[in-house]
Amino acid sequence: MELNISQVSTQAAAQASALASLLLLRKTLELQASSAASLVQLAAPASPSGNPPNLGNSIDVMA
């Protein structure tokens, strides 16, 4: 089987395109992981307030 210059050139371009796509995918995944980590940090529970622990535990319904 003999390859001509056109076939070699087409294969090289396809390989370069596949490599570029792979690198773009890898960078996209890294950015998504970084964004997800930031969102997880933002969703972490806030520090407890300075209110006494018994405050807000019961409601007086007698009027």
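Calculation criteria
- Residues numbered from 1 in each chain as written.
- Predicted model: local features only at pLDDT ≥ 70, side-chain atom pairs only at ≥ 80, totals over all residues.
- Heavy atoms only, no water.
- Helix = DSSP H or I, 4+ residues; strand = E, 2+ residues; numbered from the N terminus.
- Buried < 20%, exposed > 50% of the residue type's maximum accessible area, 1.4 Å probe, protein only.
- Areas by Shrake-Rupley, 256 points an atom, 1.4 Å probe, with all protein chains shown as cover.
- Expected span 1.5 Å × (residues − 1).
- Polar contact = N/O pair within 3.5 Å; in protein donor to acceptor, adjacent residues only side chain to side chain.
- Patch = residues over 30% accessible without salt bridge, like charges linked within 9 Å, V, L, I, M, F, W, Y side chains within 5 Å.
- Salt bridge = Lys/Arg side-chain N within 4 Å of Asp/Glu carboxyl O.

(A) Expanded view of the overall build of the protein. A count of helical and extended segments in the protein gives 1 helix and 0 strands. For the protein, buried positions account for 0% of its 63 residues. Summed over all atoms, the accessible surface of the protein reaches about 6100 Å², with 63% contributed by carbon and sulfur.

(B) Here's a closer look at helix α1 (residues 5–43). In this model, α1 (39 residues) spans 57 Å end to end at C-alpha, consistent with the 57 Å of a helix rising 1.5 Å per residue. For α1, the capping residue at the N-terminal end is asparagine 4, with a side-chain oxygen 3.1 Å from the backbone nitrogen of serine 6.

(C) Fine view of a nonpolar patch on the surface. A surface patch of nonpolar side chains, amounting to about 470 Å² of accessible area, comprises Leu19, Leu22, Leu23, Leu25 and Leu29. Topologically, leucine 23 is positioned in helix α1. The class for leucine 23 is partly exposed, based on a relative accessible area of 47%.

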